[in-house]
Amino acid sequence: MNQELFLYINAFAGKNQYLDAIGIGLGEYFPYLLITLVVYLYFVMQHKNETIFAFLSTILALSISRIIGLLYFHNRPFMDNIGVTLKEHIADSSFPSDHTTFVFAVIGTLLLFKPTRKIGAILLPFGIISSFLRVFEGVHYPLDIVAGIVVGVMSALIVYQLRYRLFVINGVILKIEKMLFK
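Below is a short write-up of the structure. (Residues numbered from 1 in each chain as written. Predicted model: local features only at pLDDT ≥ 70, side-chain atom pairs only at ≥ 80, totals over all residues. Heavy atoms only, no water.)

## Observations concerning unusual backbone geometry
The general pattern is negative phi for most residues beyond glycine and trans for most peptide bonds.
Then, in step 1: Cis rather than trans, the peptide bond between Phe-95 and Pro-96 has omega equal to -15 degrees.
Then, in step 2: Mapped onto the fold, Pro-96 is located in the loop between helix H3 (48–71) and helix H4 (98–112).
Then, in step 3: The residue Gln-46 is not glycine, and still its phi comes out positive at about 65 degrees.
Then, in step 4: Among the secondary structure elements, Gln-46 is positioned in the loop between helix H2 (17–43) and H3.
Then, in step 5: Overall, the relative accessible area of 48% leaves Gln-46 in the partly exposed class.
Then, in step 6: In the Ramachandran plot, Asn-81 falls in the positive-phi region, its phi being about 55 degrees despite a non-glycine side chain.
Then, in step 7: Tracing the chain through its elements places Asn-81 in the loop between H3 and H4.
Then, in step 8: In this structure Asn-81 comes out as exposed when scored by relative accessible area, which is 71%. (Helix = DSSP H or I, 4+ residues; strand = E, 2+ residues; numbered from the N terminus. Buried < 20%, exposed > 50% of the residue type's maximum accessible area, 1.4 Å probe, protein only.)

## Side note on the pattern of salt bridges
Then, in step 1: Per the counting criterion, the structure on display carries 5 salt bridges.
Then, in step 2: Measuring nitrogen to oxygen at the nearest pair gives 3.7 Å for the salt bridge that ties Glu-28 to Lys-87. With Glu-28 in helix H2 and Lys-87 in the loop between H3 and H4, this residue pair connects regions lying 59 residues apart in the sequence.
Then, in step 3: For Lys-48, the salt bridge identified is with Glu-177, shortest N-O distance 2.8 Å. One end of the pair, Lys-48, is in helix H3; the other, Glu-177, is in helix H7 (residues 163–180), with 129 residues separating them in the sequence. Taken individually, Lys-48 and Glu-177 each receive the classification buried, so the pair is uniform in this respect.
Then, in step 4: Through salt bridges that share partners, Glu-28, Lys-87, Arg-134 and Glu-137 make up one connected network. (Salt bridge = Lys/Arg side-chain N within 4 Å of Asp/Glu carboxyl O.)

## Quick notes on the packing of helix H1 (residues 2–10) against helix H5 (residues 117–136)
Working note: a packed helix pair is described by the angle between its axes plus the distance between those axes.
Then, in step 1: At their nearest, the axes of H1 and H5 sit 8 Å apart, and the two run at 95 degrees to each other. One finds that H1 runs roughly perpendicular with respect to H5. On H5, the residues touching Phe-6, Ile-9 and Asn-10 of H1 are Phe-132, Val-135 and Phe-136.
Then, in step 2: Considering only residue class, the contact of H1 with H5 consists of 5 nonpolar, 1 polar and no charged. (Axes fitted to C-alpha atoms, helices over the stretch in contact; angles between N-to-C directions. Parallel < 35°, antiparallel > 145°, perpendicular 65-115°, else oblique. Contact = heavy atoms within 4.5 Å. Nonpolar A, V, L, I, M, F, W, Y, C, P; charged D, E, K, R; others polar.)

This is the structure:
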């Protein structure tokens, strides 16, 4: 089923240079847009605690993803010689998708806090689309994306549940910021 769904989504790749460019652009660069937005939320919108929690969620999520990747190696589609690959990628484990894990750790955290909930809701469909565009690009299977969503959201939920204990870390980061930007 995973390979069949991959072939269905990936079947549109390589047919239209404009569609390919849009797919690669959103699939590859959405995480950078998120980083820019988080910096904006921190410094301009002053949602400091929420963005620090998003950062902590991301660290946790990518750590979990790394451990999973070390314990369970799964080929990327191009390693299995199936589908169209629109961009080169290192031949490492594809499960779970680090891009998706990152995106959903950030978006999941933004959704959990009231001051950033609307922004998270606006970003959610773009996060889903950009994540599944990694399948379109030929570098992930759909199950890699689903696993990335689960790890990212789970990490956001863990950080949210521990938020009162983590305020100590936030305080240290805020003190460092204050010292740096006096």
